[in-house]
Amino acid sequence: MLNAFSDGNPLYEALVFLLVLTAFVALMASGLMRDRMWNAIEKIAQFSRTRRALPEHELLLDLRKIDLARILTGILATWRYAEVSWSQTVLNAPGAALISGAAAGLAIMVTLGF
């Protein structure tokens with residue numbers, strides 16, 4: 001695995017990304033899809049309110065949960081991108097090592113709360 005960020009042709013991957021992005025923008029531009037999305041969000045919120053899945057008056061507790069999830073996500077992302085950065089450095093791929101090093105730096109910033 002010479003490049004950790006791509007398993008195939010980069011041009012093909014860019015075209016697939018643009019196709020998916022264009023399809024998403026076209027679907028969201030139509031009122032039908034936007035209305036369905038908001039209806040689904042409202043149904044999920046209503047379901048969570050009826051089941052009391054999310055307390056509505058414990059702000060500090062909710063903020064602590066969000067911080068814990070952020071810290072765990074940051075730790076996992078830091079581990080992943082540091083590993084990728086190290087492997088790209090060992091394989092002498094400076095471009096990929098720079099990108100993965102920047103991603104590891106951003107993951108560290110997420111862990112610390114920046």
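Here, the structure is the one placed above.
Please read all numbers here as calculations on a predicted model, not as lab measurements.

Enquirer: Before we go on, may I ask you to explain a nonpolar patch on the surface in this structure?
Expert: The grouping of Leu11, Leu15, Phe17, Leu18, Leu21, Phe24 and Val25 at the surface amounts to a nonpolar patch, some 710 Å² of accessible area in total. With respect to the element layout, Phe17 can be found in helix H1 (residues 10–29). For Phe17, a relative accessible area of 51% gives the class exposed.

Enquirer: Just checking my understanding: could you explain the packing of H1 against helix H2 (residues 31–50) for this structure?
Expert: Packed helices, taken two at a time, are described by the angle between their axes plus the distance between the axes. Axis separation between H1 and H2 bottoms out at 4 Å; the angle between their running directions is 85 degrees. If you check the angle between H1 and H2, you find them roughly perpendicular. In this structure, H1 uses Leu27, Met28 and Ala29 to contact H2, whose residues at the interface are Gly31, Met33, Arg34 and Met37. Its residues placed into classes, the contact of H1 with H2 shows five nonpolar, one polar and one charged.

Enquirer: Looking at this structure, I do not really get the side chain of Thr111. What am I missing?
Expert: Examined against the element boundaries, Thr111 turns out to sit in helix H4 (residues 94–112). Engagement of the side chain of Thr111 in a polar contact is seen with the backbone oxygen of Gly74, the distance being 3.1 Å. When sequence neighbours within four positions are dropped, the list of residues in contact with Thr111 reads Arg70, Ile71, Gly74, Ile75 and Thr78.

Enquirer: When you look at unusual backbone geometry in this model, what are you seeing that I'm missing?
Expert: Where the residue is not glycine, phi is negative for most of them; where a peptide bond is considered, it is trans in most cases. Despite not being glycine, Asn92 shows a phi value in the positive range, around 60 degrees. On the secondary structure map, Asn92 appears in the loop between helix H3 (59–90) and H4.

Enquirer: I'm lost on the side chain of Ser48 in this one. Help?
Expert: Here Ser48 is to be found in helix H2. In terms of polar contacts, Ser48 uses its side chain to reach the backbone carbonyl oxygen of Ala45, at 2.8 Å.

Enquirer: Is there a simple way to think about the pattern of salt bridges in this case?
Expert: Any two side chains of opposite charge can pair, on the condition that their charged atoms come close. What the rule picks out here adds up to one salt bridge. Its salt-bridge partner being Arg70, residue Asp67 comes within 3.5 Å of it at the nearest N-O pair. With a gap of three residues between them, Asp67 and Arg70 both fall in helix H3, about one helical turn apart. Since its relative accessible area comes to 25%, Arg70 is described here as partly exposed.

Reading guide: rules and limits
Residues numbered from 1 in each chain as written. Predicted model: local features only at pLDDT ≥ 70, side-chain atom pairs only at ≥ 80, totals over all residues. Heavy atoms only, no water. Patch = residues over 30% accessible without salt bridge, like charges linked within 9 Å, V, L, I, M, F, W, Y side chains within 5 Å. Areas by Shrake-Rupley, 256 points an atom, 1.4 Å probe, with all protein chains shown as cover. Salt bridge = Lys/Arg side-chain N within 4 Å of Asp/Glu carboxyl O. Helix = DSSP H or I, 4+ residues; strand = E, 2+ residues; numbered from the N terminus. Buried < 20%, exposed > 50% of the residue type's maximum accessible area, 1.4 Å probe, protein only. Axes fitted to C-alpha atoms, helices over the stretch in contact; angles between N-to-C directions. Parallel < 35°, antiparallel > 145°, perpendicular 65-115°, else oblique. Contact = heavy atoms within 4.5 Å. Nonpolar A, V, L, I, M, F, W, Y, C, P; charged D, E, K, R; others polar. Polar contact = N/O pair within 3.5 Å; in protein donor to acceptor, adjacent residues only side chain to side chain.

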